[in-house]
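These are the residues of each chain, in order.
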Amino acid sequence: MHSHLIPGIDDGVKTVEEAFHVIDQLLGLGYTKLITTPHIMTDYYGNTGTSVSAAYQDFLPHLESKGYSRILECAAEYYMDDTLVELVSRKEPLLTFGTKHILFETNVISEPLNLKEFIFALTLQGYKPIMAHPERYQFMSVDKAEDLRNRGVLMQINMLSLIGYYGPPIQRMAEKLIQHGLVDALGSDCHNGDHALVLKNVLRTSAYRKAMELPLLNHTL
Ligand SMILES: [Fe+2]
């Protein structure tokens, strides 16, 4: 779960060929199903739930031609901005996967003032919010992650964090979250072939093995 594999609609793969190259790399690593999550962020890409679904529909015939239509499911990675808060308050339908799971991210610097309110509004509507890469937020701590989980948020760390791909502090936070049993899902956050290529290095880390002992959501999707 968590990748950017719909061609040309965000900062993920650019072409159908690139998408297939990356999907084949991931299948080679042992993935049997991929939930791709294009960015929906008002200030970038111009995506909406409708446009992402349309892009997926356009991509489907290509997937079918390779026999991959059942392998790749599509939802979204929502950036928590005013547009999203507004959509939630108006109870507009959002792109989800699993059983009403919704993947969201926030700005990396400071905790949004309305984060708890936003989470409450989501859970009240039966959504199961999943915070994308908690280890990458500068405001994150073990206590904060614990508090958010108590409020109904599931935590998805990026596998690449475990090899220090985003730097040592982010690696340390990811490891700490695993140690404290605060990780609910692993994501590749795969944007391109380079990401897919280094993913295999994650499998050798002890943090990855420890994470795999947790009751991860991945196995149920
Ligand atoms: Fe992402």
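Check the entry above for the structure.
The following paragraphs examine the structure supplied in this document. (Residues numbered from 1 in each chain as written. Predicted model: local features only at pLDDT ≥ 70, side-chain atom pairs only at ≥ 80, totals over all residues. Heavy atoms only, no water.)

As for the coordination of the iron ion
Distances from the iron ion to its protein donors, His2 (NE2), His4 (NE2), Glu77 (OE) and Asp189 (OD), fall at 2.0 to 2.3 Å. In primary-sequence terms, the residues that donate to the iron ion follow H-x1-H-x72-E-x111-D. On the criterion of sequence distance, the pair formed by Glu77 in strand 4 (residues 77–79) and Asp189 in the loop between strand 8 (185–187) and helix 7 (193–202) is long-range, its members being 112 residues apart. Its relative accessible area of 1% is what places Glu77 among the buried residues. Owing to a relative accessible area of 3%, Asp189 belongs among the buried residues under this scheme. (Donors = N, O, S within 2.8 Å, 3.2 Å for Na, K, Ca; no water. Helix = DSSP H or I, 4+ residues; strand = E, 2+ residues; numbered from the N terminus. Buried < 20%, exposed > 50% of the residue type's maximum accessible area, 1.4 Å probe, protein only.)

Points about helix 7
Taken together, the buried positions of helix 7 are occupied by Gly193, His195, Ala196, Leu199 and Val202. For helix 7, the buried positions fall inside an angular range of 155° around the axis, keeping them on one side. In this structure, the buried residues of helix 7 make contact with helix 1 (16–29) and helix 8 (206–212). The backbone nitrogen of Asp194 has a side-chain oxygen 3.1 Å away, supplied by the residue at the start of helix 7, namely Asn192. (Arc of directions from axis to C-beta. Contact = heavy atoms within 4.5 Å. Polar contact = N/O pair within 3.5 Å; in protein donor to acceptor, adjacent residues only side chain to side chain.)

Remarks on empty space enclosed by the protein
This model, assessed by the stated rule, comprises one cavity of 30 Å³ or more. What the largest cavity holds in volume is close to 40 Å³. Lining the largest cavity are Met1, His2, Ser3, Tyr31, Leu34, Ile35 and Ser188. By residue class, the composition of the lining of the largest cavity is four nonpolar, three polar and no charged. (1 Å grid on protein atoms, 1.4 Å probe; cavity = no way out; pocket = protein on both sides within 12 Å on 5 of 7 lines; lining within 4 Å. Points joined across faces, edges and corners; volume = space filled by probe spheres on them. Nonpolar A, V, L, I, M, F, W, Y, C, P; charged D, E, K, R; others polar.)

Notes on the sheet that holds strand 7 (residues 154–158)
Spatially, 2-4-5-6-7-8 is the arrangement adopted by the six strands of the open sheet, whose pairing is parallel. Lying at the two open borders of the sheet, with one neighbouring strand each, are strand 2 (39–40) and strand 8. In this structure, strand 2 lies alongside strand 4, joined through two bridges in parallel fashion. Looking across to strand 4, one finds that His39 is bridged to Glu77. (Pairing = 2+ DSSP bridges.)

A look at the pattern of salt bridges
This structure, assessed with the given rule, holds eight salt bridges. When the shortest N-O distance is used, the salt bridge between Lys66 and Asp24 registers 3.5 Å. Within this pair, whereas Lys66 is found in helix 2 (residues 49–66), its partner Asp24 is found in helix 1, the two being separated by 42 residues in sequence. What makes Lys66 partly exposed here is its relative accessible area of 39%. Taking relative accessible area as the criterion, Asp24 reaches 31% and is therefore assigned partly exposed. The salt bridge involving Asp189 is made with Arg136; its shortest N-O contact spans 3.9 Å. (Salt bridge = Lys/Arg side-chain N within 4 Å of Asp/Glu carboxyl O.)

What about helix 4 (residues 115–124)?
Regarding helix 4, the residues found buried are Leu115, Phe118, Ile119 and Leu122. All buried residues of helix 4 lie within an arc of 100° about the axis, which places them on one face of the element. Residues of helix 4 that are exposed and point over 90 degrees away from its buried face: Glu117, Phe120 and Leu124. Packing partners of the buried residues in helix 4 comprise helix 3 (82–89), strand 5 (101–105), strand 6 (128–132) and helix 5 (142–150). Following helix 4 by one or two positions, Gly126 adopts a phi angle in the positive range, close to 85°.

Considerations on the packing of helix 1 against helix 2
Helix-helix packing is characterised by the crossing angle of the two axes and by the distance between the axes. In the contact formed by helix 1 and helix 2, the axes pass within 11 Å of each other and the chain directions differ by 50°. When the interaxial angle is binned, helix 1 and helix 2 end up oblique. The hand of the helix 1/helix 2 crossing is right-handed. Between helix 1, through Val16, Ala19, Phe20, Ile23 and Asp24, and helix 2, the contact on the second element is made entirely by Phe59, His62, Leu63 and Lys66. (Axes fitted to C-alpha atoms, helices over the stretch in contact; angles between N-to-C directions. Parallel < 35°, antiparallel > 145°, perpendicular 65-115°, else oblique. Left-handed = near helix turned anticlockwise from the far one by under 90°.)

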